[in-house]
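Structural overview for review
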Amino acid sequence: MKTQILKIKTYDDHKLWNKLKAGDEKSFSLLFEKYYGDLINYGNSFSPFAEKVQDCVQDVFADIWLYRESLQEPDVVKAYLLSSVRKRIARLYERDHIFRKITTTDSIEFLLDFSVEHELIADEATAESVLYLNKLLNDLPARQKEALFLRYNQGLNIEQIAEMLDVNYQSASNLLHRGLLTLRKEWKGSFSILVLLSSGVF
């Protein structure tokens, strides 16, 4: 099973995208399998309603297949998919009035707790420090936390993050910078771990 997942992740996104635009169902299925889990996890960061999130993700892929011939090829397919799910959930909130009526994606709050433990722990001695770092990350304001999540966990660049959060480049950069400043101010553990995280962000 793990071998199959790794094989799927090696497929080139742009080749899959262009083939699905031409009507290739296998390429569409491979793209779905490659990113479905990431999109569900990201969608769950905005909503406690798992079934509705699943519906949103499936609707995104349904629209891609339905309108495939008219879609432009995105610069980064993963960023496009994440952004599409985010916008779909925002429309869901507006339609169902789950919290309040909203018209822009900047009104939905990022709720997910995310961990850097598996990426940064070198040995058991650092476990306690990394747990504290995780707490600092998840205590950040929602927008800063989401920006760091998109950069660190999803590998997006600042320009892509800005587009997803519907802000300009400088605002996205400021969110990342302020988040890191807070971490540096509060962090009491190994400086090398924080430097590693910083390098992942910038």
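Overview of the structure. Just so we're clear, the structure is a prediction, and the values are computed from it rather than from any experiment. Numbering of residues starts from 1 in every chain and runs along the sequence as written. Local features in this predicted model are restricted to residues of pLDDT 70 or higher, and side-chain atom pairs are both shown and tallied only at a pLDDT of 80 or more, whereas totals for entire chains, interfaces and linings draw on every residue. Calculated side-chain values reflect all of the structure's heavy atoms, with hydrogen atoms and water omitted.

Our focus in this paragraph is a negative patch on the surface. Like-charged residues within 9 Å of one another, or nonpolar side chains (Val, Leu, Ile, Met, Phe, Trp, Tyr) within 5 Å, are grouped into patches, provided each residue has over 30% relative accessible area and no salt bridge. With residues, only the protein chains shown are counted as cover, and all accessible areas are computed by Shrake-Rupley using a 1.4 Å probe. Within this document, salt bridges are pairs made up of a side-chain nitrogen of Lys or Arg and a carboxyl oxygen of Asp or Glu, the two lying within 4 Å of each other. Charge counting treats Lys and Arg as positive and Asp and Glu as negative, with His and both chain ends excluded. For this purpose, a charge sits on NZ of Lys, CZ of Arg, CG of Asp or CD of Glu. Residues Asp12, Glu73, Asp75, Glu159 and Glu163 make up a contiguous surface patch of negative charge. Along the chain, Glu159 falls in helix 9 (residues 158-165). Residue classification places Glu159 among the exposed residues on the basis of a relative accessible area of 57%. Working definition: helices are DSSP H or I runs of at least four residues, strands are E runs of at least two. Numbering for both runs from the N terminus. Relative accessible area decides the class of each residue, using a 1.4 Å probe on protein chains only: under 20% of the type maximum gives buried, over 50% gives exposed, and in between gives partly exposed.

In this section: the layout of surface pockets. Each cavity reported here is a set of points on a 1 Å grid over the protein atoms alone in which a 1.4 Å probe fits but cannot get out, each pocket an open set with protein on both sides within 12 Å along at least five of seven lines, and each lining residue one with an atom within 4 Å of a point. Grid points are joined across faces, edges and corners, and a volume is the space filled by probe spheres set on the points. A volume near 420 Å³ is recorded for the largest pocket. What lines the largest pocket is a set of 20 residues, and nearest its centre among them are Pro74, Ala79, Tyr80, Ser83 and Glu163. Sorting the residues of the lining of the largest pocket by element identifies helix 4 (50-66), helix 5 (77-96) and helix 9 as the ones contributing at least two each. Sorting elements by how many residues they give to the lining of the largest pocket places helix 5 first, with 7 residues.

Now for the nonpolar core. Put simply, buried Ala, Val, Leu, Ile, Met, Phe, Trp, Tyr and Cys residues joined by side-chain atoms within 4.5 Å make one nonpolar core. Counting 46 residues, the largest nonpolar core has Leu39, Leu81, Leu150 and Ile161 as the members making the most contacts within it. Elements with a minimum of two residues in this core: helix 2 (13-21), helix 3 (25-44), helix 4, helix 5, helix 7 (127-138), helix 8 (142-153), helix 9 and helix 10 (169-186). Counting the residues that make up this core, at least three belong to each of domain 1 (2-95) and domain 2 (118-201). Pairs of residues are marked as contacts when any of their non-hydrogen atoms sit within 4.5 Å. Contact partners of Leu150, with chain neighbours within four places excluded, come to Tyr42, Leu82, Gly155, Leu156, Ile161, Met164 and Leu165. Segmentation into domains, and thus their bounds, comes from an automatic or database assignment.

Moving on: the packing of aromatic side chains. The geometry of an aromatic ring pair comes down to the distance between the two centres and the angle between the two planes. By convention, a stacked pair of Phe, Tyr or Trp rings (six-membered ring in the case of Trp) has centres within 6.5 Å and planes under 30 degrees apart, an edge-to-face pair has planes over 60 apart, and any other such pair is tilted. Summed over all chains, the structure comprises 7 aromatic pairs. Seen in terms of ring centroids, Phe28 and Phe61 are 6.1 Å apart; in terms of plane orientation they differ by 80°. Their pairing is edge-to-face. A residue pair is termed long-range when its members are at least 10 positions apart, and Phe28 in helix 3 and Phe61 in helix 4 qualify at 33 residues. Given a relative accessible area of 1%, Phe61 falls into the buried group. Here the aromatic rings of Phe28 and Trp65 are separated by 5.1 Å at their centres, their planes lie at 50°, and the arrangement is tilted. Linking Phe28 in helix 3 with Trp65 in helix 4, this pair joins segments that are 37 residues apart in sequence. Classification of Phe28 as buried rests on a relative accessible area of 17%. Our definition puts a charge over a ring when NZ of Lys or CZ of Arg is within 6 Å of the ring centre and also within 35 degrees of the ring normal. Of note, Arg68 hangs over the ring of Trp65, and the distance from its end group to the ring centre comes to 4.0 Å.

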